[in-house]
Amino acid sequence: MEIKFDVVALGELLIDFTANGTSSQGNGLFEACPGGAPCNVLAMLRKLNKTCAFVGKVGDDMFGRLLKNTIVEAGIHADALVMDTETPTTLAFVQTFPNGDRDFSFYRQPGADMMLTEEELPLDTIRAARIFHFGTLSMTHPGVRNATVKAVAAAKEGGALISFDPNLRPPLWGSLDDAREAIAWGLGQCDILKIADNELEFMTGETDFVKGAAILHAQYPNIMILNVTAGPDGSYSFYGEEEPVYVPSFTLGGTIETTGAGDTFCASVLNFVLENGMTGLTAADRRSMLRFANAAAYIVTTRKGAIRSMPQRGEVEPLLAANRSARPSIVSPE
């Protein structure tokens, strides 16, 4: 019998090269940080003691082997990680700005993550998920897009909840119309949505989160929990016809970079769902969900990289206890 996993994620696993000072000769130094949004999510879930499996492809090269060793060390089930002997591991160079935000330059023409095929999917593993999580980087090219569609169908066959994070990266799309189409498909499949403020505006044309969320709920009634992240401005949770809830971010200083913050937030929400279910959530429940997710996301911004930087529960809870004054609130539509 196939082992049941709390969360199975499909998508990119890559190296984030982040700036790390200069050499004695004045040359820029970069730190090779294992990353990739779906595996970042799993790495945080492992810190919260959830069982996880990853589905994806890396190159059979020094970077691919580093990535495989990293996720195995993190406790992520890696039997479904395919090692591609012909296509190199995808790389991303991360430019960090003074406010901690960042820009990406991808080396992915092609990269191994986009070469995953339907035939390589571990369908029994996917059907064994309680939650199946994916984004849109696995939908930028036809082969891996077909694999993603088949994986989502298999997860639904197994009774999994579907989690989706658009994780829009415009440079990786031939056209933004293709990106919008892929995000729309994902929105139509998911039960749990984590969407960033810029992605909400991209899909709805709205900068008002309440109005934008209302548009998505009307178009995609399948979405049960819809969370919007707004970086230093906090996060919002929309849940059916219930009042939206807002929780401010933790702005305590020390931010180095924001890579992995959204994934940490997403994982914390999935952990909440695994422990509390999806039905009958009160405003207080959702405040608690957002406070933990915001705190965990803040901690990871004070560290470099993502997979190896995820906080333990024992780091998040003291931060919450020490900052009770961060008052969550109900957001009233205009």
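Structure: see above.
For the structure given in this document, a descriptive report is provided here.

Conventions adopted
- Residues numbered from 1 in each chain as written.
- Predicted model: local features only at pLDDT ≥ 70, side-chain atom pairs only at ≥ 80, totals over all residues.
- Heavy atoms only, no water.
- Axes fitted to C-alpha atoms, helices over the stretch in contact; angles between N-to-C directions.
- Helix = DSSP H or I, 4+ residues; strand = E, 2+ residues; numbered from the N terminus.
- Parallel < 35°, antiparallel > 145°, perpendicular 65-115°, else oblique.
- Left-handed = near helix turned anticlockwise from the far one by under 90°.
- Contact = heavy atoms within 4.5 Å.
- Nonpolar A, V, L, I, M, F, W, Y, C, P; charged D, E, K, R; others polar.
- Core = buried A, V, L, I, M, F, W, Y, C linked by side-chain atoms within 4.5 Å.
- Buried < 20%, exposed > 50% of the residue type's maximum accessible area, 1.4 Å probe, protein only.
- Pairing = 2+ DSSP bridges.
- Right-handed = clockwise from strand over helix to strand, strands pointing away.

Relative to each other, helix α6 (residues 197-204) and helix α7 (residues 209-219) sit at 55°, their axes nearing to 10 Å. The angle between α6 and α7 falls in the class oblique. Seen along the crossing, α6 lies across α7 with a hand that is left-handed. The residues of α7 that touch α6, namely those facing D197, L200 and T204, are F209, G212, A213, I215 and L216. For the contact of α6 with α7, the residue count by class is five nonpolar, two polar and one charged.

In terms of nonpolar packing, the biggest core is built from 55 residues, with L13, L42, L45, F54, I71, I225 and L270 touching the most fellow members. The biggest single contributor to this core is helix α9 (residues 283-301), with 10 residues. Not counting chain neighbours up to four residues away, the residues in contact with L45 comprise V7, K50, C52, A267, L270, N271 and L274. Within the second largest apolar cluster, 46 residues are counted, among which are V55, A129, A154 and A179.

Attention now moves to the side chain of K194. Here K194 lies in strand β10 (residues 192-196). Beyond its immediate stretch of four places on either side in the chain, K194 contacts F164, D165, P166, N227, T229, G262, F265 and C266.

Examined bridge by bridge, strand β4 (residues 52-59) and strand β5 (residues 81-84) share four bridges and lie parallel to one another. Within β5, the residue paired with K57 across the bridge is V82. Between the parallel elements β4 and β5, the chain passes through helix α2 (residues 62-73) in a crossover that is right-handed.

For the bond running from Q109 to P110, omega is 0°, close enough to zero to count as cis. Within the secondary structure, P110 sits in the loop between β7 (102-107) and α3 (123-127). Backbone geometry places N49, a non-glycine residue, at a positive phi of 70°. Mapped onto the elements of the fold, N49 is located in the loop between α1 (37-47) and β4. The backbone phi angle of N167 is positive, close to 50°, even though this residue is not glycine. Looking at the element boundaries, N167 is found in the loop between β9 (161-164) and α5 (176-189). Note on N167: relative accessible area 12%, which makes it buried.

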